[in-house]
Amino acid sequence: MMIKSSLAWIVIFDDIPVWKPLLTELPLIWICFCLIEWFAAKRRMWLYLGLDLILSGIFFAAIMYYKYYGVIVNYHALAQVNQVTSVKSSMFSLLDPYYLFIFADILIIAGILIRRRIKLGLTERPGRMPLERSARRRIASVILILSLVLCMLNIYPNRASMSEITQAEQMGILGYEAYTILADRPDKPVPMDTIDQNHIDEIKQTTALPAVVEQGAAKGRNVIVLQLESFQSFLIGLKVNGQEVTPHLNELAGQSLYFPNFYQQVGQGNTSDAEFVVNTSFYTPPNGAAATVYANKKLPSLPRLMSANGYQTATFHTNDVHFWNRDQLYKALGFDRYYDINYFGTEDSIAFSASDEVLYSKTLDQLEAMQASGSPFYAQIISMSAHHPYHLPEDKISLTLPKRFDNTLPGDYLVSQHYADQAVGQFIEGLKERGLWENSLLVVYGDHLGLPIYSLDRDDEKLMQEIYGREYTSADMINIPLIVTAPGITPAAQLEQIGGQVDILPTIAGLTGASLQNQLHFGQDLLREGNNLLPERYYLPSGSVLNDASLFIPATGYGDGTHYSLADAGRQDVSSAELDEKTNPNRLKNEPAAPASLNPTEEKSNSSGYITKEEYERALELLHLSNSYLIQLQNRNTVK
C-alpha cells in the first residue's frame, strides 16, 4: 500500500518529501487494517484483498482524474463514472502502463488464496486464529488509537483550505477522500429573495465601455452559436512550417469582433457544462455536472429569452442525447427541439458519433427550414470531431507536420483541429449558399481546453514551448477564443478586454436587443461593460480567479496563493504575502480594478493589477450566489 500511495503522489504532487506519503497515507490504511483485525473472525485474507482493491481503485482514480482535470477526484465525481464508458478512448490515452502496477499485488494475492482454497479447502490455517485473536486485538487497538490521532492531525488543521490539491497533499489522498464524504455539508444558501441583479452588479463592479456596436443592431437576425470542441486560443493565427493550422477561423476572426482574452468556465461536466454556462449566464455547481445537479429546474436561459422575443430554438449534437443527461438539460434550458444521434446517424463517424461534416451538412438543412418558416431562430451547434485523444481516420488528415510532432498529443491535437477548421469553413460556405449568412449573428467559441498541462509528457512540453515561444502555463491552458460576427453590422476588430463563457448570453442579448431586465445573469455585455471578474471551478483549484490582468490560484486560501500576470504570458510573479510587503495595503485591498482598454495596441499591463483580497472574496461570493439561486428554484414538474 505504501508503494501504491507513493506512485500516486509522484504523479499528482510536485517535489514531495519521501516521508510525506508515509505520514499522511499510512494512518488511514492502518485504521482499515485494524478494523479487519477487530471484527473479522474468518476470511480475513479475503477482506484484506477486498480492501486492497478498494484503496488501489481510489489511488488509480486519483491519478487518472488528475491527469485529465488537474484536480483530485472525490465521491461526487466518482458518481459520474458511468459517463467514462463513453469517453474510454480519452481515458486509455492518458494511461501510462506503469499505473497498472497499482493492481499487480491483487492478482498475485488472489491467485495464492484461490490456490490455497483449492488445495486445502480453507482460507485460514486451522487452529491458529482462535489462539492469536486476543493478542491481535490488543495490538490492533494500540495501532488504531495512534492512527486516529495522526489522521486528525493531518485532516483537522487543513479543513479550511480552498485548494483541493493542497488539502489532499496535507491530509493524504485517502484522508482527503474520507474528509469529503464525512464533512460534506453544503454552504447555507443565500435567501432567494435577497438575490437580485442589483446585488450581483454591485459585487461585479463593472464599468462602462465605449459601445463598439449599437445596442440592438442585430435585432431580428437569426442567432447561431457554434461551440468548438477542445478549441484553445493559441490555434488562431498559428502556423507550423508555414502552414496555417486553422485558416478558415483565422479569416473569420480577422473579419469579426475577436476576443483573444476569453476563458472557459466549465465544471465537471466539461462540454455539457459549457452549454449550461453559455445558455444561462450562471456558474457551474460546486460539485457534479450542471446537467445533473440543475436538470430538474426551470432555468433562466437564452432559449427562453429568445423564445419570448419570437424566436424558434433548437440545439444540435451528434452524440446520444442521454450522454451527460442532456435530454433533461435541454428541457431545463427550454429548447423547443434537439437533434442528436437519432437525426445525424452514425455515418462517417469520428470519436463517438457522426463527423463535423455530417453535423454541419444536416444542421444546415434544418436551419434553412427554420428560416423558411418566417420567424428567426436561435440554434446552438456542438461540434465533436476534435475530441480528446484526437485520433482522426487517415482520410481526414490533411495537415502535414514535422516529424517531431508524430505520435505526440500536441501533434494529434493540431491535426484534429485542422480538420475541424475545414469543416467550419464548409459550414460558413453553406450558410452563404443557403441565404442564411447575411441574416444571422454567428457566435463561435471553444468549449474547454484541449491540452491539459498535467497530461503532457516531456516531449509534449517541449513542443508547446516551441509553439508559444515560452513556457505553456495555466492561463494559456484555459484560454479559449470568442468570435462574434454579424455581416454588415460588426466591424473587424480585436477587443482586448477579458471575458468568460458566462458573458455570452448578455452579449447576445445586447446585440439582438433582448431585454434582461427580468432575467438574472452573472455575465456582462462584453461590448458595453469592462472590469471583469471570472471565478473558476475546474481544471484549476477552487477559488482561482481572473481579472483583466492576472490569474490568482489559492493554496490554503488567499494569503498563500500565487498571482500570475496575464501581460507576462502567465509568468508567476508574486505570492499574496509578497504583495502585502511590496504594495500599499490600503490600495491592494480596496482599489477596484480598472477596465481594460479597447485599443488592441495598448499594453495589457495598463489595465488592472493583481487580484486583491477583496476581488477574491467577491468572486467566491458570486459562485455562492449562483448556486444558492439555482438550487432554490422550483422544480420543473411543479412549475405551472
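Residues numbered from 1 in each chain as written. Predicted model: local features only at pLDDT ≥ 70, side-chain atom pairs only at ≥ 80, totals over all residues. Heavy atoms only, no water.

1. Details of the overall build of the protein
Next up, step 1: Along its length, the protein carries 24 helices and 20 strands.
Next up, step 2: When burial is assessed residue by residue, the protein has 57% of its 640 residues classed as buried.
Next up, step 3: For the protein, restricting intrachain contacts to residue pairs at least 6 apart in sequence, the fraction spanning at least 24 positions comes to 76%. (Helix = DSSP H or I, 4+ residues; strand = E, 2+ residues; numbered from the N terminus. Buried < 20%, exposed > 50% of the residue type's maximum accessible area, 1.4 Å probe, protein only. Contact = heavy atoms within 4.5 Å.)

2. Comments concerning the packing of aromatic side chains
The way to describe two aromatic rings as a pair is by their centre distance and the angle between their planes.
Next up, step 1: Across all of its chains, the model carries 25 aromatic pairs by this definition.
Next up, step 2: The interplanar angle of 40° and the centroid separation of 5.9 Å between the aromatic rings of Tyr-330 and Tyr-338 together place this pair among those described as tilted.
Next up, step 3: The exposure class assigned to Tyr-330 is buried, which follows from its relative accessible area of 3%.
Next up, step 4: For Tyr-338, a relative accessible area of 38% corresponds to the partly exposed category.
Next up, step 5: Linked through ring pairs, Phe-234, Tyr-390, Tyr-413, Tyr-468 and Tyr-472 together constitute an aromatic cluster. (Phe/Tyr/Trp six-rings, centres within 6.5 Å; stacked < 30°, edge-to-face > 60°.)

3. Digging into helix H10 (residues 197–204)
Next up, step 1: If you check which residues of H10 are buried, you get Gln-197, Ile-200, Ile-203 and Lys-204. Buried residues in H10, looked at end-on, bunch into an arc of 125°, giving them a common side. Turned more than 90 degrees from where H10 packs its buried face, Asn-198 and Glu-202 sit exposed.
Next up, step 2: Packing partners of the buried residues in H10 comprise helix H24 (613–631).
Next up, step 3: N-capping of H10 is provided by Asp-196, with a side-chain oxygen placed 3.2 Å from the backbone N of Asn-198.
Next up, step 4: Two residues or fewer past H10, Gln-205 is found with a positive phi of approximately 55°. (Arc of directions from axis to C-beta. Polar contact = N/O pair within 3.5 Å; in protein donor to acceptor, adjacent residues only side chain to side chain.)

4. Some remarks on a negative patch on the surface
Next up, step 1: A contiguous patch of negative charge on the surface is contributed by Asp-96, Asp-457, Asp-459, Glu-461 and Glu-471.
Next up, step 2: Locating Asp-457 in the fold gives a position in the loop between strand S11 (440–446) and helix H19 (458–468). (Patch = residues over 30% accessible without salt bridge, like charges linked within 9 Å, V, L, I, M, F, W, Y side chains within 5 Å. Areas by Shrake-Rupley, 256 points an atom, 1.4 Å probe, with all protein chains shown as cover. Salt bridge = Lys/Arg side-chain N within 4 Å of Asp/Glu carboxyl O. Lys, Arg positive; Asp, Glu negative; His and termini not counted. Charge placed at Lys NZ, Arg CZ, Asp CG, Glu CD.)

5. Section: the layout of surface pockets
Next up, step 1: The volume enclosed by the second largest pocket comes to roughly 1,200 Å³.
Next up, step 2: Around the second largest pocket, the lining comprises 37 residues; the ones closest to its centre are Asp-187, Pro-286, Asn-287, Arg-537 and Ser-542.
Next up, step 3: Taken together, the elements giving at least two residues each to the lining of the second largest pocket come down to helix H4 (75–78), helix H8 (164–171), helix H9 (173–182) and H24.
Next up, step 4: Per-element tally for the lining of the second largest pocket: the top contributor is H24, with six residues.
Next up, step 5: Considering only residue class, the lining of the second largest pocket consists of 16 nonpolar, 13 polar and eight charged. (1 Å grid on protein atoms, 1.4 Å probe; cavity = no way out; pocket = protein on both sides within 12 Å on 5 of 7 lines; lining within 4 Å. Points joined across faces, edges and corners; volume = space filled by probe spheres on them. Nonpolar A, V, L, I, M, F, W, Y, C, P; charged D, E, K, R; others polar.)

6. Quick look at the pattern of salt bridges
Next up, step 1: Scanning all chains against the criterion turns up 14 salt bridges.
Next up, step 2: In this structure, Arg-528 engages Asp-525 in a salt bridge whose closest nitrogen and oxygen atoms are separated by 2.9 Å. There is no split in this pair, since Arg-528 and Asp-525 are both buried.
Next up, step 3: One salt-bridge network, in which partners are shared between bridges, spans Lys-4, Asp-52 and Asp-105.

7. Things to note about the environment of Ser-440
Next up, step 1: For Ser-440, the position within the fold is in strand S11.
Next up, step 2: Separated by 46 residues in the primary sequence, Ser-440 and Ala-486 have C-alpha atoms spaced 6.2 Å apart.
Next up, step 3: Those residues in contact with Ser-440 that sit more than four places away from it in its chain are Arg-221, Asn-222, Ile-224, Thr-485, Ala-486 and Pro-487.

8. What to know about empty space enclosed by the protein
Next up, step 1: If you walk through the whole model with that rule in mind, you get three cavities of 30 Å³ or more.
Next up, step 2: The space that makes up the largest cavity amounts to roughly 50 Å³.
Next up, step 3: Val-443, Leu-482, Val-484, Asp-503, Ile-504, Thr-507, Ile-508, Leu-511 and Leu-526 together form the lining of the largest cavity.
Next up, step 4: Elements with a contribution of two residues or more to the lining of the largest cavity: strand S12 (479–485) and helix H21 (504–512).
Next up, step 5: One number sums up the size of the second largest cavity: a volume of about 40 Å³.
Next up, step 6: Lining the second largest cavity are Tyr-68, Ser-230, His-388, Tyr-390, His-448, Leu-449, Gly-450, Pro-452 and Tyr-539.

9. So, the confidence of the model for the protein
Detailed reading of predicted coordinates is not advised where the pLDDT is low.
Next up, step 1: The pLDDT averaged across the protein works out to 86; a share of 88% of its residues lies at or above 70.
Next up, step 2: When pLDDT is averaged over each element of the protein, strand S2 (residues 222–228) comes out on top at 98 and helix H23 (residues 585–590) at the bottom at 33.
Next up, step 3: Every residue in residues 583–608 scores below 50 in pLDDT, and together they form 50 contacts with partners more than four places removed in sequence or on other chains. (pLDDT = per-residue confidence, 0-100.)

10. A few points about the nonpolar core
Next up, step 1: Counting 170 residues, the largest nonpolar core has Leu-367 and Leu-414 as the members making the most contacts within it.
Next up, step 2: With 11 residues, helix H3 (residues 44–69) is the largest single contributor of residues to this core.
Next up, step 3: With residues up to four places along the chain from it excluded, the contact list for Leu-414 reads Phe-234, Leu-235, Leu-238, Val-240, Val-245, Leu-399, Leu-401, Phe-405 and Ile-467.
Next up, step 4: Ranked by size, the runner-up nonpolar core spans seven residues in total, among them Val-545, Ile-611, Tyr-616 and Ala-619. (Core = buried A, V, L, I, M, F, W, Y, C linked by side-chain atoms within 4.5 Å.)

11. Remarks on the packing of helix H2 (residues 19–39) against H9
Next up, step 1: At their nearest, the axes of H2 and H9 sit 7 Å apart, and the two run at 60° to each other. Compared by their axis directions, H2 and H9 come out oblique. Of H9, the residues touching H2 (which contributes Glu-25, Leu-28 and Ile-29) are Ile-173, Leu-174, Gly-175 and Ala-178.
Next up, step 2: Of the residues in the contact of H2 with H9, the class split is five nonpolar, one polar and one charged. (Axes fitted to C-alpha atoms, helices over the stretch in contact; angles between N-to-C directions. Parallel < 35°, antiparallel > 145°, perpendicular 65-115°, else oblique.)

12. So, the pairing of S12
Next up, step 1: For S12, a buried count of seven out of seven residues is recorded, marking the element as mostly surrounded by other parts of the structure.
Next up, step 2: Neither face of S12 is left uncovered, since the one carrying Asn-479, Pro-481, Ile-483 and Thr-485 and the one carrying Ile-480, Leu-482 and Val-484 both have all their residues buried.
Next up, step 3: Both strand S5 (residues 257–263) and S12 contribute to a ladder of five bridges, which runs antiparallel. The partner of Leu-257 across the bridge, within S12, is Val-484.
Next up, step 4: As defined by bridge partners, S11 adjoins S12 across four bridges and the pair is classed as antiparallel. For Leu-442, the partnering residue across the bridge sits in S12 and is Thr-485. (Pairing = 2+ DSSP bridges.)

13. Structural notes on the packing of H3 against helix H6 (residues 104–120)
Next up, step 1: It is the contact of H3 with H6, at a shortest axis distance of 10 Å, that shows an interaxial angle of 165°. By the angle class used here, H3 and H6 are roughly antiparallel. Judged by the sense of rotation from one axis to the other, the crossing of H3 with H6 is left-handed. Residues Met-45, Trp-46, Leu-49, Asp-52, Leu-53 and Ser-56 of H3 touch H6, and the partners they reach there are Asp-105, Ile-106, Ile-109, Ala-110, Leu-113 and Ile-114.
Next up, step 2: Among the residues forming the contact of H3 with H6, the class breakdown is nine nonpolar, one polar and two charged. (Left-handed = near helix turned anticlockwise from the far one by under 90°.)

14. Structural notes on unusual backbone geometry
Next up, step 1: In this chain, His-388 is followed by Pro-389 through a cis amide linkage whose omega measures 15°.
Next up, step 2: Relative to the helices and strands, Pro-389 resides in the loop between strand S10 (377–382) and helix H18 (409–433).
Next up, step 3: For Gln-205, which is not a glycine, the phi torsion comes out positive at approximately 55°.
Next up, step 4: With respect to the secondary-structure elements, Gln-205 resides in the loop between H10 and strand S1 (207–208).
Next up, step 5: Under the relative-accessibility criterion, Gln-205 is labelled partly exposed at 26%.

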